[in-house]
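The chain contents come next:
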Amino acid sequence: MPYIELKDVSFAYPGGFLAVDGVSFSIEKGENVAIVGQNGAGKTTTVKLLNALHYPTAGDVVIGGESTKGRTTAQVSRTVGYVFQNPDDQIFHSTVYSEVEFGPRMMKLPEKQIKEQVDYALKITGMKRFREENPYNLPLSVRKFVTIAAIIAMDCDVMIFDEPTAGQDFNGNKRLSRIISELSGRGKTLITISHDMVFVADNFSRVIVMSNKKVIWDGKPEEVFWNMPVLEEAMLKQPYVSRICNALGLSGSVTRMDDAVEIIAKACGKNTSEDLEA
């Protein structure tokens, strides 16, 4: 049985606006999934349904074999942690350390475990040196890592990151990649919303495409980013590496730089990327 299931889920806000329309997909425990699509596609509303920030108005959301219906947000958040797109919607403590320890402390974990989980979260996010800082004294890009650390410290089985690359520079994106790799290696189920197709192609093994409040495609990055009708419907662009290979007429559904080097090397009559570099 999949760890996460959305069964023909729809959600309408109290005023009647339909934000998600008949969405169905499942995610296995330990999967690393990106959800992409333009603004208004229904991505954020969909992931908020996963940790009971919203409840479906039709259909069902099942986490670990149990429906979210009848469960509180606090109960579900012990399993599914959600990092908001805007960190200012999440931060409310006066120091980074107190912000990061809040979740584990509310879970009433033993003091030793709280310290271990907080120290680990601060370390892998690079926030250890800011532990005594007021989060609001830090740049927005850094505050995002504070909120990521706060969710990591809770040690949830499922972690959702909503637009983590927004406002990040190259080094910030590299740090995010390392965090995703580390958490994936620990068996965490990761779900990330992103408008950065290069980041998605480099870090995720599965991509769910949403458009007009529905899922229109679900597959591997090389399947998604070379499916031109789907990209057009979702108003997305290929990663730049894919665009270059496409413009050169090179086949192979390339989405990553390493693969592009190999294909271009072969097209140039070289056998390997090492030959090309030589």
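Residues numbered from 1 in each chain as written. Predicted model: local features only at pLDDT ≥ 70, side-chain atom pairs only at ≥ 80, totals over all residues. Heavy atoms only, no water.

So, about unusual backbone geometry. Although it is not a glycine, Lys 108 sits at a positive phi angle of roughly 60°. Turning to its location among the elements, Lys 108 is positioned in the loop between helix 3 (96–106) and helix 4 (111–125). You will see that Asp 155, though not glycine, has its phi angle at about 55°, which is positive. Its relative accessible area of 33% is what places Asp 155 among the partly exposed residues. (Helix = DSSP H or I, 4+ residues; strand = E, 2+ residues; numbered from the N terminus. Buried < 20%, exposed > 50% of the residue type's maximum accessible area, 1.4 Å probe, protein only.)

Turning our attention to the environment of Pro 135. For Pro 135, the position within the fold is in the loop between helix 4 and helix 5 (140–152). Residues Pro 135 and Phe 92, 43 residues apart in the sequence, show an inter-C-alpha distance of 8.8 Å. Not counting residues up to four positions away in its chain, the partners in contact with Pro 135 are Ile 91, His 93, Ser 94, Thr 95, Val 96 and Arg 143. (Contact = heavy atoms within 4.5 Å.)

It is worth spelling out helix 6 (residues 170–185) at this point. Given a rise of 1.5 Å per residue, 16 residues ought to cover 22 Å, and the 23 Å separating the end C-alpha atoms of helix 6 matches this to within 8%. Those residues of helix 6 that fall on the buried side of the exposure criterion are Gly 172, Asn 173, Leu 176, Ser 177, Ile 179, Ile 180 and Leu 183. Along the long axis of helix 6, the arc covered by the buried residues comes to 165°, so they all point the same way. Exposed residues on helix 6 whose side chains face more than 90 degrees from its buried face are Phe 170, Asn 171, Arg 178, Ser 181 and Gly 185. (Expected span 1.5 Å × (residues − 1). Arc of directions from axis to C-beta.)

On to the side chain of Lys 188. Of note, Lys 188 is situated in the loop between helix 6 and strand 8 (189–193). Side-chain polar atoms of Lys 188 contact the side chain of Asp 155, separated by 2.7 Å. In this structure Lys 188 touches Gly 30, Glu 31, Asp 155, Cys 156, Asp 157, Met 159 and Leu 183, once residues within four positions along its chain are discounted. (Polar contact = N/O pair within 3.5 Å; in protein donor to acceptor, adjacent residues only side chain to side chain.)

Attention now moves to helix 3. Because each turn of an α-helix spans 3.6 residues, side chains separated by three or four positions in sequence point in the same direction. The element helix 3 is extensively covered by neighbouring structure, given that eight of its 11 residues are classed as buried. Taken residue by residue, helix 3 has Val 96, Tyr 97, Ser 98, Glu 99, Val 100, Glu 101, Gly 103 and Pro 104 as its buried positions. At its buried positions, helix 3 is contacted by helix 4 and helix 5. Note on helix 3: the residue one or two positions beyond its end, Lys 108, has a positive phi of about 60°.

Turning to the nonpolar core, a few remarks are in order. Counting residues in each nonpolar core, the largest one holds 47 residues, and the members touching the most others are Val 96, Val 100, Met 127, Ile 152, Leu 183, Val 209 and Phe 225. Per-element accounting of this core gives the leading share, seven residues, to helix 5. Aside from chain neighbours lying at most four places away, what touches Val 96 is Leu 122, Met 127, Phe 130, Arg 131, Glu 133, Pro 135, Leu 138 and Val 146. Ranked by size, the runner-up nonpolar core spans 28 residues in total, among them Tyr 82, Ile 160, Ile 193 and Ile 208. (Core = buried A, V, L, I, M, F, W, Y, C linked by side-chain atoms within 4.5 Å.)

Judged by side-chain polarity, Tyr 240, Ile 244, Leu 248 and Met 257 come together as a nonpolar surface patch covering roughly 400 Å² of accessible area. Here Ile 244 lies in helix 10 (residues 240–247). (Patch = residues over 30% accessible without salt bridge, like charges linked within 9 Å, V, L, I, M, F, W, Y side chains within 5 Å. Areas by Shrake-Rupley, 256 points an atom, 1.4 Å probe, with all protein chains shown as cover. Salt bridge = Lys/Arg side-chain N within 4 Å of Asp/Glu carboxyl O.)

Without other data, these values stay purely geometric and don't point to any function.
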